[in-house]
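Residue-level listing of the chains:
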Amino acid sequence: MLERMSSRADASKDAFRLLPSIEELLHDPRLAALAPRVPRDVWLGFLRELIERWRAEIKAGKLDATTLSARLAGTALADELRRAVEREGRAGIVRVVNATGVVLHTGLGRAPLHAEAAAAMANVAGSYCVLEVDRESGERNQRDDRLSELLRRMTGAEAGIVVNNCAAAVYLLLNTYLARGKRDEVIVSRGELVEIGGSFRVPDVMERAGVVLREVGTTNRTRIADYRAAAGERTSLLMKVHTSNFRVEGFTEEVTPRELAELGRELSLPTAFDLGSGLIEGDDVAALPDVMGDEPRVRDAVASGVDVVCFSGDKLFGGPQSGMLVGKRAAIASLRKNPVYRALRLDKVTIAGLERTLELYLAGRGDEVPSRAMLRASADQLRPSAERIAAALAQLPRCTVSVIPERSQPGSGAAPGVFLPTYAVRLTHESWKPAALAAALRRAEPAVFARVQDDALLLDPRSLLPGDEDLLLKALRSVLA
Ligand SMILES: *Cc1c(COP(=O)(O)O)cnc(C)c1O
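Residues numbered from 1 in each chain as written. Predicted model: local features only at pLDDT ≥ 70, side-chain atom pairs only at ≥ 80, totals over all residues. Heavy atoms only, no water.

Q: Outline the overall build of the protein, supporting the account with residue identities and numerical values.
A: Within the protein, the regular secondary structure consists of 19 helices and 15 strands. The C-alpha extent of the protein, read off along each of the three principal axes, is 85 × 60 × 55 Å. Burial status across the protein gives 48% buried among its 481 residues. Here the analysis covers contacts within the protein between residues at least 6 apart in sequence; of these, 75% occur between residues at least 24 apart. When the accessible surface of the protein is split by element, carbon and sulfur atoms take 50% of a total near 23700 Å². (Helix = DSSP H or I, 4+ residues; strand = E, 2+ residues; numbered from the N terminus. Buried < 20%, exposed > 50% of the residue type's maximum accessible area, 1.4 Å probe, protein only. Contact = heavy atoms within 4.5 Å. Areas by Shrake-Rupley, 256 points an atom, 1.4 Å probe, with all protein chains shown as cover.)

See the structure below:
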């Protein structure tokens, strides 16, 4: 026993002695071509990490002198460092092909913008622009004067203001009403205290905004009488939150925004409705498929009379990341006066994209917004794309390909429980496991994100943009051909 232990200690001592120094690696001719591909301190970091990793392996008894000298003599050293250099080259935000079928995929940047909106953003990004000055008078103005006007026209509200995202909108809202004297309570239905995407929990945002949460009703039933009974001296706001990403089925009752607005007027208390997604439909904008079900519409929410309605810019609206607040003039003015607004306001690039997207809606071109077009596409409209992809993939060796009826999801917690009928390409390969193939596609050039389901790779054409079919095939060929 003792003998075995000491021989193991000897073995690891030998292995430790074999570990190269940074200096040795810096002069290793086999690595000479790799080093210049990254900045010098990044390269030094890779060398240090590698040596530390091997040292830890020796310590744990997982690496002996024989294996280590094999690694040093063979290609293992250069291979590991090449992988690190390649990972570095792939890091950061790059364009990907979204073949998951999830249209508003938060992980993939939510809504792809209309080409005109994207062009407007690129245009102001690299130049000066009219941001806080009036072109006619030369006087200073507000950066979102035009946005506010466009929002007013689109939603029927008296005024609007825009911040970084809908979470920021909720924060600004709560923080503003909190500032009114000793009133620090917000009344919300217990059934609406939702968590969105794991990081936005309504109760947490409220707490951070400095608000005391007053929950009323039960998870499945809340009546206006519950709000009335809870309202008192400390109430600052009556609030309703759309339960974007879950649905309570069965025996349910919720307060309508109209009831809330009426109670607010009766008690002289402000009211707000956080819509989350913000479905835009109107005279010029065709309805999304009725599968969107009971997703509340922005115009209806505004017309209900609540003081402030907020919604996301990059969910069903299909614009850049932003959070819109629209409603009564006085309410929006008090949001603007809150110094916190300064910390949450938009930059010129986002404003440019948002203005252009709003103008498209107002020009009756809302259906051109890419995410809306994707959500509206029927299974029959998507089938030819699936067939084309399948036909091309069938040419690749050792692949089995078919087109199957499937379901896509809107994503981003928009319309929970809603599935859009689609046709997907189902791909299996003789040697690639689906998860490994999906991983290789993520690292391919261009990168492709697909679904892994029922032991196969699924490619759903719903979330493909024009031109993506070719990119998708290029990536698949680079991995499989
Ligand atoms: C998505 C959502 C939010 C957060 O919106 P972001 O724009 O992602 O910050 C807030 N409230 C509701 C009801 C939502 O659905």
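On we go.
Q: Tell me about the pattern of salt bridges, residues and numbers included.
A: Tallied over the full model, the rule gives 33 salt bridges. Residues Glu254 and Lys240 are paired through a salt bridge, measuring 2.6 Å at the closest nitrogen-oxygen approach. Of this pair, Glu254 sits in the loop between β7 (235-241) and α11 (257-267) while Lys240 sits in strand β7; the two residues are 14 residues apart in sequence, bridging distant segments of the chain. The salt bridge involving Arg451 is made with Glu406; its shortest N-O contact spans 3.0 Å. Highlighted residues: Arg451 in strand β14 (residues 451-453) and Glu406 in strand β11 (residues 399-408), separated in sequence by 45 residues. Residue class for Glu406 comes out buried when judged on its relative accessible area of 18%. Several salt bridges converge on common partners, so that one network encompasses Glu116, Arg146, Arg356, Glu359, Arg365 and Glu368. (Salt bridge = Lys/Arg side-chain N within 4 Å of Asp/Glu carboxyl O.)

Q: How would you sum up the sheet that holds strand β8 (residues 271-276)? Please name residues and give values.
A: The strand order across the open sheet built from seven strands is β2-β10-β9-β8-β7-β3-β6, with neighbouring strands paired in mixed fashion. The open sheet terminates on both sides in strands that have one partner only, identified here as β2 (159-163) and β6 (212-216). Going across the sheet, the axis of each strand differs from the next one's by a mean of 25°, ignoring polarity. The pairing of strand β3 (residues 185-189) with β7 spans four bridges and is parallel. Looking across to β7, one finds that Val188 is bridged to Met239. (Pairing = 2+ DSSP bridges. Axes fitted to C-alpha atoms, helices over the stretch in contact; angles between N-to-C directions.)

Q: Lay out the pairing of strand β12 (residues 420-429) in plain terms, naming residues and giving numbers.
A: The buried fraction of β12 amounts to seven of the ten residues, a majority that puts the element mostly inside the structure. Strand direction decides the pairing type here: β12 and strand β15 (residues 456-459), joined by three bridges, are antiparallel. Pairing of Val425 across the sheet is with Leu459, part of β15.

Q: Tell me about the sheet that holds β12, residues and numbers included.
A: The strands that make up a sheet are held in pairs by hydrogen bonds between backbone atoms, and each pair lies either parallel or antiparallel. Taken in spatial order, the four strands make up an open sheet running β11-β12-β15-β14, and their pairing is antiparallel. This sheet does not close on itself; its edge strands, each paired only once, are β11 and β14. Adjacent strand axes in the sheet meet at a mean angle of 35° when their direction is disregarded. For β14 and β15, the ladder comprises three bridges, and the chain directions are antiparallel. Its bridge partner lying in β15, Val452 is registered against Leu457. Helix α17 (residues 379-393) contacts β11, β12 and β15 of the sheet and is inclined by roughly 10° relative to β12. In this fold helix α19 (residues 468-480) packs onto β11, β12 and β15, with an angle of close to 20° to the strand it touches most, β12.

Q: Could you give an account of helix α4 (residues 65-73), naming the residues involved and the relevant values?
A: The α-helix advances 3.6 residues per turn, and as a result positions three or four apart in sequence lie on the same side. Burial in α4 covers these residues: Ala65, Leu68, Arg71 and Leu72. With its buried residues spanning 120° around the axis, α4 presents them on a single face. What points out from α4, more than 90 degrees from its buried face, is the exposed set Thr66 and Ala73. (Arc of directions from axis to C-beta.)

Q: Can you lay out unusual backbone geometry for me, pointing to particular residues and giving the numbers?
A: Glycine aside, a negative phi is what most residues show, and trans is what most peptide bonds show. In this model, Glu445 is joined to Pro446 through a cis peptide bond whose omega is 0°. On the secondary structure map, Pro446 appears in the loop between α18 (434-443) and β13 (447-449). A positive phi angle, close to 60°, is found at Arg398, a residue other than glycine. Within the fold, Arg398 resides in the loop between α17 and β11. Overall, Arg398 belongs to the partly exposed group, its relative accessible area being 44%.

Q: Got a sec to walk through the environment of Thr106? Specific residues and values, please.
A: In this fold, Thr106 is placed in the loop between β1 (96-98) and α6 (115-125). Separated by 49 residues in the primary sequence, Thr106 and Thr155 have C-alpha atoms spaced 25 Å apart.

Q: Could you give an account of the pairing of strand β10 (residues 323-327), naming the residues involved and the relevant values?
A: Counting buried positions along β10 yields five of five residues, so the element is predominantly enclosed. Where burial is concerned, the two faces of β10 agree: the one with Gly323, Leu325 and Gly327 and the one with Met324 and Val326 are both buried. In this structure, β2 lies alongside β10, joined through five bridges in antiparallel fashion. By the bridge assignment, Val163 is partnered in β10 with Gly323. By the bridge criterion, five bridges tie strand β9 (residues 308-312) to β10 in an arrangement that is antiparallel. Considered in β10, the bridge of Cys310 is made with Leu325.

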